[in-house]
Amino acid sequence: MTIRVGVIGTGAIGRDHARRINQVLSGAQVTALTDVNAAAAEAVKAEIAPDAQVFETGAELIQSDAVDAVLVTSSGFTHEDYVLAAIAAGKPCFCEKPLATTADAAKRIVDAEAATGKRLVQVGFMRRYDTGYRMLKRVVDTEIGRPLMVHAAHRNQSVALSYSTQMAIHDTLIHELDIFRWLLEDDYVSAQVVFPRATPHAHEGLRDPQMVLLETAGGVRIDVEIFVNCRYGYDIQCQIVGEEGLANLPDPMAIAMRKDARLQTALLTDWKDRFIDSYDVELADFIKAAANGTAAGPTSWDGYVAAVSADACVAAQEAPGSIVPISLPARPALYG
Ligand code: NAP
């Protein structure tokens with residue numbers, strides 16, 4: 001069976017996911033495309049999916065009989081309407097993060113999906129599909145006893161002038177917010193943000209670096225550094241300290257070179273390369289579940305919790321040092 005996929009939003013990631021579906025993975029084909037920028041959709045059709053139909057709107061694409069499953073890869077503020085429409089049409093939907101740009105909007109998606117009684121939405125938290133994080137989770141689950149502390153860092157070499165202090169939470173930390181919950185199987189109860197001495201390399205108006213301190217319901221304490229002008233590379237670190245031992249996220253594989261009296265390994269500089277393989281695995285999971293008319297992987301509830309937690313972190317940024325509580329409504333039975 002070949003799943004016929006419609007892609008809404010053919011910018012950077014939409015185009016790349018279309019390429020994955022048509023050229024890397026099996027079991028699906030891109031049959032429909034749309035973008036507010038029609039030329040972008042036409043370009044993806046010409047280069048990647050010549051047989052796909054280009055629709056004027058996302059709403060028409062979702063309704064089309066030529067579409068079994070939907071990929072929402074448009075700009076974040078558009079996600080809610082498209083995901084709700086896919087749920088209403090009963091079609092499995094992969095939505096890139098963020099699920100929605102507000103917690104209330106994400107909750108509307110949770111409620112709509114829960115009302116159908118079946119999973120239809122997968123959120124693009126691709127780190128859950130990364131080999132390194134999966135290895136780390138196995139060790140946390142089986143080797144080091146109950147986790148007590150997490151020390152983590154998310155460092156970018158530099159960022160564009162449009163990058164703001166809040167984006168450090170909504171665009172950068174959002175992946176950590178999801179992956180720690182998944183690793184620990186625990187929810188956050190509070191967030192605090194403190195700002196160390198600022199780097200001179202940040203542009204005006206951006207507070208960089210920052211440290212986010214999270215506490216979970218089970219009492220785990222997490223410190224995560226966000227440093228987006230670290231200068232030396234793109235670097236993701238995660239160390240979990242447990243009752244019986246300690247586990248580190250492996251660094252990406254790199255050749256160890258001995259040259260000029262130095263032992264050296266290269267670091268990545270572009271975030272796009274760090275989890276490149278995990279995008280293939282997450283979409284393969286989506287296609288497999290869509291063939292059964294359902295969805296797998298990160299849920300809309302995970303997208304909602306990430307949104308609630310991110311809002312708390314932004315509130316904590318606005319009152320540095322204060323502890324902002326995080327509370328969640330009861331989790332619908334659909335999400336286990
Ligand atoms: P992008 O290059 O700006 O692409 C977004 C596309 O959506 C643009 O072509 C945009 O057109 C189009 N668009 C805007 N409003 C639309 C609407 N109402 N209907 C249909 N299309 C619309 O952005 P991107 O980097 O691909 O990011 C897209 C989403 O993926 C974002 O939510 C982002 O956070 C997420 N993302 C996730 C990851 C990850 O690691 N999981 C990585 C990258 C991106 P215009 O340019 O004309 O507005």
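Trainee: An account of the overall build of the protein is needed here, citing residue identities and associated values.
Mentor: Helix and strand counts for the protein come out as ten helices and 15 strands. Its C-alpha radius of gyration of 20 Å places the protein within 12% of the 20 Å reference for a compact globule of 336 residues. Counting only C-alpha atoms, the protein reaches 55 × 55 × 45 Å along its principal axes. With 336 residues in all, the protein has 50% of them scored as buried. Partitioning the intrachain contacts of the protein with sequence separation of at least 6 by distance along the chain shows that 73% fall at a separation of at least 24. As presented, the protein carries roughly 15300 Å² of accessible surface, and 52% of it is formed by carbon and sulfur atoms. Distance between charge centres in the protein, computed from 30 positive and 43 negative side chains, equals 4 Å.

Trainee: Could you give me a rundown of the site of the ligand, with the residues and numbers involved?
Mentor: Around the ligand, the structure places 23 residues, and the nearest of them are Ile13, Asp35, Tyr82, Glu96 and Tyr279. Contacts to the ligand include alanine 12, whose backbone N or O atom sits 2.9 Å from an oxygen atom. One of the backbone nitrogen or oxygen atoms of glycine 124 is found 3.4 Å away from a nitrogen atom of the ligand. When contributions to the shell around the ligand are tallied by element, the ones reaching two or more residues are helix H1 (12-24) and helix H4 (79-88). Each residue belonging to the shell around the ligand can be placed in one class, and the counts come to nine nonpolar, eleven polar and three charged.

Trainee: Describe the nonpolar core, naming the residues involved and giving the relevant values.
Mentor: Counting 78 residues, the largest nonpolar core has Tyr133 and Phe180 as its most contacted members. No other element matches the eleven residues that helix H10 (residues 300-318) contributes to this core. Both domain 1 (3-126 + 277-299) and domain 2 (128-274 + 306-335) contribute no fewer than three residues apiece to this core. Contacts of tyrosine 133, omitting those with residues within four sequence positions, involve Arg127, Ile179, Trp182, Leu183, Ile236, Cys238, Leu249 and Phe275.

Trainee: Break down helix H7 (residues 167-184) for me, citing the residues and quoting the values.
Mentor: With 18 residues, H7 should cover 26 Å at 1.5 Å per step; its first-to-last C-alpha distance of 25 Å lies within 8% of that length. Along H7, the sharpest change in direction is near 60 degrees and occurs at leucine 173. Summarising burial for H7: 15 of the 18 residues are buried, a large majority. Positive phi appears at glutamate 185, one or two residues downstream of H7, with a value of about 50 degrees.

Trainee: Can you explain the state of the cysteines? Please cite residues and give values.
Mentor: Per the stated rule, a full pass over the model turns up zero disulfides. For the unlinked cysteine cysteine 93, the closest cysteine sulfur is that of cysteine 95, found at 5.8 Å. For cysteine 95, a relative accessible area of 0% puts it in the buried group.

Trainee: I'd like a rundown of the domain arrangement of the protein, residues and numbers included.
Mentor: Once the domains are mapped, the protein shows domain 1 (3-126 + 277-299) and domain 2 (128-274 + 306-335). Put simply, the middle of domain 1 and the middle of domain 2, counted by C-alpha atoms, are 27 Å apart. For the pair domain 1 and domain 2, the summed buried area comes to about 1600 Å², and 69% of that belongs to carbon and sulfur atoms. Applying the counting rule to domain 1 against domain 2 returns zero salt bridges. Where domain 1 meets domain 2, there are seven residue pairs in polar contact (both at pLDDT 80 or more). Contributions of two or more residues to the side of domain 1 that touches domain 2 are made by helix H5 (103-116) and helix H9 (276-290). Among the elements that take part in the side of domain 1 that touches domain 2, H5 stands out by supplying six residues, more than any other. Classifying every residue of the side of domain 1 that touches domain 2 by side-chain character gives ten nonpolar, seven polar and seven charged.

About the thresholds
Residues numbered from 1 in each chain as written. Predicted model: local features only at pLDDT ≥ 70, side-chain atom pairs only at ≥ 80, totals over all residues. Heavy atoms only, no water. Helix = DSSP H or I, 4+ residues; strand = E, 2+ residues; numbered from the N terminus. Rg over C-alpha atoms; globule rule 2.2 N^0.38 Å. Buried < 20%, exposed > 50% of the residue type's maximum accessible area, 1.4 Å probe, protein only. Contact = heavy atoms within 4.5 Å. Areas by Shrake-Rupley, 256 points an atom, 1.4 Å probe, with all protein chains shown as cover. Lys, Arg positive; Asp, Glu negative; His and termini not counted. Charge placed at Lys NZ, Arg CZ, Asp CG, Glu CD. Near = heavy atom within 4 Å. Polar contact = N/O pair within 3.5 Å; in protein donor to acceptor, adjacent residues only side chain to side chain. Nonpolar A, V, L, I, M, F, W, Y, C, P; charged D, E, K, R; others polar. Core = buried A, V, L, I, M, F, W, Y, C linked by side-chain atoms within 4.5 Å. Domains from an automatic or database assignment. Expected span 1.5 Å × (residues − 1). Bend = angle between axes of the 7 residues up to and from the residue. Disulfide = S-S within 2.5 Å. Buried area = accessible area lost by both parts, 1.4 Å probe. Salt bridge = Lys/Arg side-chain N within 4 Å of Asp/Glu carboxyl O.

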